[in-house]
Amino acid sequence: MTTATTTAAATAADPLALHDVDHVRFYVGNAKQAAYFYAHTFGFRVDQIADLTTGSRDEADYLLTQGNIRLLLTTPLTKDHPAADEIRRFGDGVKDIALTVEDAVAAYEQAIKNGAEPWGEPREISDDRGTVVVASIKTYGRAVHTFVSRTGHYALDNVKKGGAEFMPVFKKFESPVNDYNAKNPCGLMYVDHCVGNVEEGKMNHWVQWYEDVMGFKMFKHFDDKDISTEYSALMSKVMASGNHLIKMPINEPAEGKKKSQIQEYLEWHDMTPGVQHLALRTDDELKSVAALRSRGVDFLNLPDSYYDIVWERVNSTLIQHGHDPVKEDHTRIKDLGILVDADDEGYLLQLFTKPLQDRPTLFFEIISRHGSQSFGKGNFKALFEALELEQERRGNL
Ligand code: FE2
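Residues numbered from 1 in each chain as written. Predicted model: local features only at pLDDT ≥ 70, side-chain atom pairs only at ≥ 80, totals over all residues. Heavy atoms only, no water.

## Brief notes about unusual backbone geometry
Counted only if it meets this: Only DSSP runs of H or I reaching four residues or more are called helices, and only runs of E reaching two or more are called strands; each is numbered from the N terminus. Whether a residue is buried, partly exposed or exposed follows from its accessible area with a 1.4 Å probe, protein chains only, as a fraction of its type maximum: under 20%, in between, or over 50%, in that order.
Located in the positive-phi region is histidine 244, a residue other than glycine, with phi close to 60°. With respect to the element layout, histidine 244 can be found in the loop between β12 (233-240) and β13 (247-254). Among the residues examined, histidine 244 registers a relative accessible area of 42% and is labelled partly exposed. The phi dihedral of aspartate 270 is positive, around 50°, even though this residue is not glycine. Its location among the elements puts aspartate 270 in the loop between α8 (261-267) and β14 (274-282).

Written out as structure tokens, the structure reads:
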């Protein structure tokens, strides 16, 4: 059997089998300026644009790339564009976690059959070089999943190699910042996970939705005893696609003495669920965080006391499970303010940015994994305390 017939057979068996995260689309107030923010601070290449100059009359799109991460920044050019109202309600943020599949129409039809609500009917965008088919369903709150299938010039492999346009109407973009970033890489490779905040009492609904509609499975489970401080708490369950290509933790606020960060997010997001953070994976946490800090990325600050106890907690867990202790220089980890956590499979290094826009909504996480497949549960307490300090500064506690 050839690869093509193998893939066709797999699709017939499961039209929702995911090939990749195609892109993550943000709705932003000014894509031209936001592109330079993400390029300068996070080292993204401003790879391609679609705007009035390329024949796009209703929106401007900037495709930012780094490793296998593709962020698509979209700004409406007309008041009637659906993004215009969303920006008014939510500010800048993530709209779409788009997923590459073999056949976007088949994936969409299967998802609808499984109970999904449509957001965008199948649409074919093509020219003489190839075709991109997109079809979108709603997920929690304002977020959607677009299924994308690509042929010819626009096949994802061609886009990844940097030789192809993202879609018809896109054009390659040249900028000195791209040359600078090529010489000074930040090492971000792909989206490790994408976390959604949903309303209180709705987490299990969306867990079930990812099982029923997308065929995802539960990956890990925390309860509010794990993830709480004296004041605020959350509940979180992690859903993963069949091939573990994408993990989608879902948070809901839990009862606490003070306002939880999930509640704060919802209040600044028109009480509407949405994406809370994207975790971007690196192989070298120290190098990436040092590069990002030097570019001005604003990370959450942890109290120095965090490092008084972290090594005992983490290294004893590792040794207990037959692993070597954390190999990176402990002093440098502290100097860079990186968080560490361990479980029975190994350890991870992670660090969270402050909000990426003026509202306390979306942020990024920079993560590297050394065996551990979890999400830094042991850091949640320290993290929440740090977050609460920030919330207090914003007058939102
Ligand atoms: Fe995370």
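## Observations regarding the nonpolar core
This is how it is decided: Buried Ala, Val, Leu, Ile, Met, Phe, Trp, Tyr and Cys residues form a nonpolar core when they are joined through side-chain atoms within 4.5 Å. Where each domain begins and ends is defined by an automated method or by a domain database. Residues count as neighbours in contact if any of their non-hydrogen atoms are within 4.5 Å of one another.
Among the nonpolar cores identified, the biggest contains 91 residues, and Phe26, Tyr38, Leu73, Phe147 and Leu278 are the most heavily contacted of them. Structurally, this core is a two-domain feature, drawing no fewer than three residues from each of domain 1 (4-182) and domain 2 (188-394). Beyond its immediate chain neighbours, meaning those up to four positions away, leucine 73 contacts Phe26, Val28, Ala31, Ala34, Ala35, Tyr38, Ala60, Asp61, Tyr62 and Leu64. Among the nonpolar cores identified, the runner-up in size contains 15 residues, and Leu63, Ile125, Val132 and Ala164 belong to it.

## Considering the packing of aromatic side chains
Basically, it comes down to this: Only Phe, Tyr and Trp rings are paired, with Trp represented by its six-membered ring, and only when their centres lie within 6.5 Å; those with planes under 30 degrees apart are stacked, over 60 edge-to-face, the remainder tilted. Distance and angle both matter: a charge sits over a ring if NZ of Lys or CZ of Arg is within 6 Å of the ring centre and within 35 degrees of the ring normal.
Inspection of the entire model under this criterion finds 15 aromatic pairs. Each ring, one from phenylalanine 37 and one from tyrosine 38, has its centre 5.0 Å from the other, and the planes form 80°; the classification is edge-to-face. Judged by relative accessible area, which is 5%, tyrosine 38 ranks as buried. Between arginine 369 and the ring centre of phenylalanine 375, over which it is positioned, the NZ or CZ distance is 5.3 Å.

## Comments concerning the environment of glutamate 174
For glutamate 174, the location among the structural elements is in the loop between β9 (171-172) and α6 (176-183). Separated by 51 residues in the primary sequence, glutamate 174 and arginine 123 have C-alpha atoms spaced 29 Å apart.

## Observations concerning the coordination of the iron ion
The condition is simple: Listed donors are limited to N, O and S atoms within 2.8 Å of the metal, widened to 3.2 Å for Na, K and Ca; water is not among them, so incomplete-looking sites are possible.
Looking at the iron ion, one finds its protein donor set to be His193 (NE2), His277 (NE2) and Glu365 (OE), positioned 2.0 to 2.2 Å from the metal centre. Spacing between the donor residues of the iron ion along their common chain follows H-x83-H-x87-E. Linking histidine 193 in strand β10 (residues 188-197) with glutamate 365 in strand β17 (residues 363-370), this pair joins segments that are 172 residues apart in sequence. For histidine 193, a relative accessible area of 1% translates into the label buried. Glutamate 365 gets classed as buried once you look at its relative accessible area, which sits at 1%.

## Things to note about the side chain of serine 288
Relative to the helices and strands, serine 288 resides in helix α9 (residues 285-294). On the basis of relative accessibility, which here comes to 2%, the residue serine 288 falls in the buried class. When sequence neighbours within four positions are dropped, the list of residues in contact with serine 288 reads Cys186, Gly187, Leu188, Thr282 and Ile366.

## Some words on the environment of proline 355
Along the chain, proline 355 falls in the loop between β16 (346-352) and β17. C-alpha separation for the pair proline 355 and histidine 277, spaced 78 residues apart in sequence, amounts to 9.2 Å.

## Comments concerning empty space enclosed by the protein
Which parts of space are left empty comes out when a probe the size of a water molecule is rolled across the atoms. As a reminder of what qualifies: A 1.4 Å probe that fits but cannot get out identifies a cavity on a 1 Å grid over protein atoms alone, an open set with protein on both sides within 12 Å along at least five of seven lines counts as a pocket, and a residue lines either if it has an atom within 4 Å of a point. Grid points are joined across faces, edges and corners, and a volume is the space filled by probe spheres set on the points. Note on residue classes: Ala, Val, Leu, Ile, Met, Phe, Trp, Tyr, Cys and Pro are nonpolar, Asp, Glu, Lys and Arg are charged, and everything else, Gly too, is polar.
Under the counting rule described, the total for this entry stands at three cavities of 30 Å³ or more. If you go around the largest cavity, you meet 19 residues; those closest to its centre are Asn251, Gln276, His277, Phe352 and Phe380. For the lining of the largest cavity, the secondary-structure elements that each account for two or more residues are β10, β12, β13, β14, β17 and α12 (380-393). Take the lining of the largest cavity: its biggest share by element is four residues, from α12. Split by residue class, the lining of the largest cavity holds twelve nonpolar, six polar and one charged.

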